[in-house]
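Residue-level structure breakdown
Listed below are the residues making up each chain.
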Amino acid sequence: MSRVLLIEDDRAVREGVSLTLRRRGHEVEGAATGEAGLAAMETFRPDLVLLDLMLPDKSGFEVCRRIRATQQIPIIMLTARGDDIDVVLGLEAGADDYIVKPARGEVLEARIRAVLRRAAPGDGGPDPAALQPVEIHGDLTIDRKGLLVAKHGQDLPLAPSEMKLLLYLSATPGRVFSRQQLLEHVWEHSYHGDARLVDACVMRLRTKVEESTRSPKYIQTVRGFGYRFGPL
């Protein structure tokens, strides 16, 4: 199973989540502070990070941004119920998803599995066999098999959700997808999910692939409906 780094200052929560995940076969490393978590990134080399937003030494937002500056592994935020502003800020900092505490073991497992699948997506729209493995869209090059995206020949560091969203939208240029459709296919939230996940991911993706986020060429908004890729 996966190697999970849990950055959580509440000892009871840390021990409870760690026990739950270990029983499900995951290898877990716990860290009580942001600095300890950042140090464990180098020594433990996790597949995924569970990150509390309220830490004693530095905010979870800063920890998230520092991880994202060098690595694009999946990050799931742990947040208290009702912290809507924190959720938005965490998503903008680069988190892939969030879980409200306390969370049941099956919820943790489902979110972990979904975000890890996002890190190696294989269902980005139509049958991949029907698509070109390397596509050129304007100044973007998308390598679906290698999971690489380049702009002007320079590789772009995309987080798992950003990569999966771009692959999914670009598989059918011009087709409009609602936020709920994207939540179901990209985030694998089968219930009525949180549209903020989609909007925050679109915002982050635009800063990387667009020349102008105010006049996006690739990730376009269709007011009242959702988002589409192009048409170019």
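Residues numbered from 1 in each chain as written. Predicted model: local features only at pLDDT ≥ 70, side-chain atom pairs only at ≥ 80, totals over all residues. Heavy atoms only, no water.

**A closer look at the overall build of the chain**
A count of helical and extended segments in the chain gives eight helices and 11 strands. Computed over its C-alpha atoms, the radius of gyration of the chain comes to 18 Å, within 12% of the 17 Å expected for a compact globule of 232 residues. Judged by the C-alpha coordinates and their principal axes, the chain covers about 50 × 35 × 30 Å. Split into buried and exposed, the 232 residues of the chain put 50% on the buried side. By sequence separation, contacts in the chain at least 24 residues apart represent 59% of the contacts at least 6 residues apart. When the accessible area of the chain is evaluated, it comes to approximately 11,000 Å², of which 52% is carbon and sulfur surface. Between the centroid of the 32 positive side chains of the chain and the centroid of its 33 negative side chains there is a distance of 2 Å. (Helix = DSSP H or I, 4+ residues; strand = E, 2+ residues; numbered from the N terminus. Rg over C-alpha atoms; globule rule 2.2 N^0.38 Å. Buried < 20%, exposed > 50% of the residue type's maximum accessible area, 1.4 Å probe, protein only. Contact = heavy atoms within 4.5 Å. Areas by Shrake-Rupley, 256 points an atom, 1.4 Å probe, with all protein chains shown as cover. Lys, Arg positive; Asp, Glu negative; His and termini not counted. Charge placed at Lys NZ, Arg CZ, Asp CG, Glu CD.)

**Details of the packing of aromatic side chains**
All told, the structure shown has two aromatic pairs when counted by the stated rule. Between Y218 and F229, the ring centres sit 5.8 Å apart and the planes meet at 25°, which makes this aromatic pair stacked. Of this pair, Y218 sits in the loop between α8 (195-209) and β10 (219-222) while F229 sits in strand β11 (residues 226-229); the two residues are 11 residues apart in sequence, bridging distant segments of the chain. Under the relative-accessibility criterion, Y218 is labelled buried at 1%. (Phe/Tyr/Trp six-rings, centres within 6.5 Å; stacked < 30°, edge-to-face > 60°.)

**Observations regarding the sheet that holds strand β1 (residues 3-7)**
Either a parallel or an antiparallel arrangement is found when strands of a sheet pair, and the pairing is made through backbone hydrogen bonds. An order of β2-β1-β3-β4-β5 is seen for the five strands of this open sheet, with the pairing classed as parallel. Where the open sheet ends on each side, the last strands, each with one partner, are β2 (27-31) and β5 (97-101). The mean inter-strand angle of the sheet, taken between neighbouring strand axes irrespective of direction, is 20°. Summarising the sheet, β1 and strand β3 (residues 48-52) pair through four bridges and their orientation is parallel. Considered in β3, the bridge of L6 is made with L50. Of the strands in this sheet, β4 (75-80) and β5 touch helix α4 (residues 84-93), which is tilted by about 165° from β4. (Pairing = 2+ DSSP bridges. Axes fitted to C-alpha atoms, helices over the stretch in contact; angles between N-to-C directions.)

**Considering the side chain of D97**
In this fold, D97 is placed in strand β5. According to the relative accessible area criterion, D97 is buried, its value standing at 0%. Within the local environment of D97, its side chain forms a polar contact with the side chain of R111, the two groups lying 3.4 Å apart. Every residue in contact with D97, bar those within four places of it in the chain, is listed here: I75, I76, M77, R111, R118, W187, H189 and L197. (Polar contact = N/O pair within 3.5 Å; in protein donor to acceptor, adjacent residues only side chain to side chain.)

**Things to note about the nonpolar core**
Grouped together as the largest cluster of nonpolar side chains are 50 residues, with contacts concentrated most on V49, L182 and I219. Setting aside chain neighbours within four positions, we find I219 in contact with L166, L169, V202, L205, R206, V209, E210, R228 and F229. (Core = buried A, V, L, I, M, F, W, Y, C linked by side-chain atoms within 4.5 Å.)

Read these as spatial facts, not as claims about activity.
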